[in-house]
Amino acid sequence: MKKLLYTLFLTVFLITSVKAQRVLTLDECIQIALNNNLDIKRSRNNAIAAKANYDQSKMNFLPSLNAGASHNWNEGLQFDNTSGSLVNTTTLSGSGYLSSSLTLFNGFSNVLGMQRDKILYDASEETIKSNIQSVEASIVSSFLQVVTNEENLKIAEQTRELLNEQLEREEKREKAGVGNMEQVYNFRSQVAQQDLNIVNLKNSLESNKLLLIQLLLLDPLEDYEFEGISVDDTELESALGEYDGIFEKSMTFSPSVKAAKLSLDASEKNFKIARNSWMPSLSVSASYGTGWSSNVKLRDENNNLILPVQVLDVGTQFDRNRSKSAGLSLNIPLFNRFQNRNQIQQSKIQVLNSEIGLTQAKNNLTNLIQQAYLNLANAKSSYAAAKESMINLDMAFEFAKSRYENGTIDFVTYLQSLNGKNRGELQLVQAKYTILFRQLILDIYTGEMNNQN
């Protein structure tokens, strides 16, 4: 019975562990980040607001239409507008109206405002793409750091296995009386040192995993594994494209540069609006209204009150008291406490700052592409050299291992050969993943890796 319960418990535990672990690829990590990133969500909300502003600027060309109604109670001496007389009584009255106005000319503010809001909307869309670019680059960097650490850990564990094999061999030799404890202690110290190195690598790997999980805004308490990236030598050794072509493509595609350019265009529209604030404005208006009052009494053809006294019905009063009006209004700004001049100065400064922002965006992209291209070129050179070196280091280590086992070289010489092999493997892994990382970064900034949604 106990065995059966133990088996059931172990089965449930294993099923739970398998379900809890989630393996993520680079593409999946990027997609999760794009869905969860707060900056992207905020920029999308800003784009919705910019679209609403643009729609409103188009509606500003339409006339306004307002309606109103009132019901009043007055007591005492008063002038009754509806009856047109001075009365001293309690009066009930009401009115209703419709009014409309249309701006005919306001210094092209509506036209320029609509153009500005359209530009700002386009800029907000480019800002979304720019944030997506930044998130992709961050995820690629963090993901490949995790993968590189995993590869380094595998190399370290393989080295420990090799040292353990040598330790077991020396322990057997010492027990057989053909070895010595000095060699045993030497290998034990190297195994212990390698164990410490593995612990440090595992700690570094967990830290990098946590950083990646935090970038993805996932629950760090869940178990995640990250699938490595496979690539063949032909891709790693492919010729590097010309810098001028990559740079030009990046500059043309860059959403951050486009957003900065659009921001400058919007600032220039604002400046034109400010300059045109000195111009006169012209508008047309019209209204229709009517009203009633309890002071309007029912009269005969000779305008005599009909007894008993009765208030003229509301429908008749509304029909008789109708009023219409129309007007044309011209407004010429002469002096408004220098507000227009200050607005022009402020908008001019905004244009200058937008020009600086565009220059800064171009400089940032230039620096990023230059560094990524140089690092990629260096990584390709390092990979070619590390690959060639690894062949020689492997041969040298196998030769040293054979000679050490035959007793023709000492432990120090053997250890130097092993350390050289380890360094060569690490350099090869680092060069390989540096190529992958820098190539992906360039693909992101040239638009080749377009995961935007």
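In this text, all values refer to a predicted model and were calculated from it rather than measured experimentally.

(A) Layout of the overall build of the protein chain. Within the protein chain, the regular secondary structure consists of eleven helices and six strands. Relative to the globule expectation of 22 Å for 453 residues, the C-alpha radius of gyration of the protein chain, 41 Å, shows a markedly less compact shape. With respect to the three principal axes, the spread of C-alpha positions in the protein chain is 145 × 70 × 35 Å. When each of the 453 residues of the protein chain is scored for burial, the buried share is 34%.

(B) Examining the nonpolar core more closely. Formed by 62 residues in total, the largest nonpolar core has its most connected members in L24, I139, V140, F143, L144, L216 and F226. Of all the elements, helix α4 (residues 109-176) adds the most residues to this core, at 13 residues. Look past the residues within four positions of F226 in its chain and what remains in contact with it is L24, C29, F143, V146, E150, K209, L212 and I213. Core analysis: the second largest hydrophobic core is formed by 14 residues, L167, V191, F411 and L415 among them.

(C) Spotlight on the environment of E174. In this structure, E174 sits in helix α4. A relative accessible area of 29% places E174 in the partly exposed class. E174 has contacts with G179, N180, M181 and V184, leaving out every residue within four places of it along the chain.

(D) Broad picture of the pairing of strand β4 (residues 223-226). Side chains Y224 and F226 of β4 all project onto a buried face; the interleaved residues D223 and E225 project onto a face where none is buried. Note that strand β1 (residues 21-24) and β4 share four bridges and pair parallel. The partner of Q21 across the bridge, within β4, is D223.

(E) Highlighting unusual backbone geometry. Residues other than glycine seldom take positive phi values, yet L217 does so here, at roughly 60 degrees. As for its position among the elements, L217 is in the loop between α5 (181-216) and β4. Looking at L217, the relative accessible area reads 45%, which means it is partly exposed. A positive phi angle is found at R337, which is not glycine, with a value near 60 degrees.

(F) Structural view of the side chain of Q133. Along the chain, the position of Q133 falls in helix α4. A polar atom in the side chain of Q133 sits 3.3 Å from the backbone oxygen of I444. If we ignore the near neighbours within four places in the chain, the residues touching Q133 are F253, P255, I444 and Y445.

(G) Summary view of α4. Under the 1.5 Å per step criterion, the end-to-end length of α4 is 99 Å for 68 residues, consistent within 8% with the ideal 100 Å. Just past α4, the residue G177 takes up positive phi, approximately 85 degrees.

(H) Looking closely at the packing of helix α8 (residues 255-275) against helix α10 (residues 339-405). With their axes 8 Å apart at the nearest point, α8 and α10 run at an angle of 170 degrees to one another. As the angle between them shows, α8 and α10 are arranged roughly antiparallel. Classifying every residue of the contact of α8 with α10 gives ten nonpolar, nine polar and six charged.

(I) Here's a closer look at the packing of helix α7 (residues 243-253) against α10. Running from N to C, α7 and α10 cross one another at 145 degrees; their axes reach a closest spacing of 10 Å. As for the relative orientation of α7 and α10, their crossing is right-handed in sense. Contacts from Y243, I246, F247, S250 and M251 of α7 reach α10 at K362, L365, T366, I369, Q370 and Y373.

(J) How the structure looks around a nonpolar patch on the surface. Residues L330, I332, L334, F335 and F338 make up a contiguous nonpolar surface patch of about 620 Å² in total accessible area. Within the fold, I332 resides in the loop between β6 (323-331) and α10.

(K) Region of the structure containing the confidence of the model for the protein chain. In this model, the protein chain carries a mean pLDDT of 86, and residues with pLDDT of at least 70 account for 92%. Counting contacts from residues 1-19, a segment whose pLDDT is below 50, to residues more than four positions away or on other chains yields zero contacts.

(L) Region of the structure containing the environment of V231. With respect to the helices and strands, V231 occurs in the loop between β4 and α6 (233-236). Relative accessible area serves as the criterion here: at 21%, V231 is assigned to the partly exposed category. Separated by 208 residues in the primary sequence, V231 and Q439 have C-alpha atoms spaced 12 Å apart. If near-sequence neighbours (up to four positions away) are discounted, V231 is found in contact with L236, K432 and L436.

Cut-offs and rules
Residues numbered from 1 in each chain as written. Predicted model: local features only at pLDDT ≥ 70, side-chain atom pairs only at ≥ 80, totals over all residues. Heavy atoms only, no water. Helix = DSSP H or I, 4+ residues; strand = E, 2+ residues; numbered from the N terminus. Rg over C-alpha atoms; globule rule 2.2 N^0.38 Å. Buried < 20%, exposed > 50% of the residue type's maximum accessible area, 1.4 Å probe, protein only. Core = buried A, V, L, I, M, F, W, Y, C linked by side-chain atoms within 4.5 Å. Contact = heavy atoms within 4.5 Å. Pairing = 2+ DSSP bridges. Polar contact = N/O pair within 3.5 Å; in protein donor to acceptor, adjacent residues only side chain to side chain. Expected span 1.5 Å × (residues − 1). Axes fitted to C-alpha atoms, helices over the stretch in contact; angles between N-to-C directions. Parallel < 35°, antiparallel > 145°, perpendicular 65-115°, else oblique. Nonpolar A, V, L, I, M, F, W, Y, C, P; charged D, E, K, R; others polar. Left-handed = near helix turned anticlockwise from the far one by under 90°. Patch = residues over 30% accessible without salt bridge, like charges linked within 9 Å, V, L, I, M, F, W, Y side chains within 5 Å. Areas by Shrake-Rupley, 256 points an atom, 1.4 Å probe, with all protein chains shown as cover. Salt bridge = Lys/Arg side-chain N within 4 Å of Asp/Glu carboxyl O. pLDDT = per-residue confidence, 0-100.

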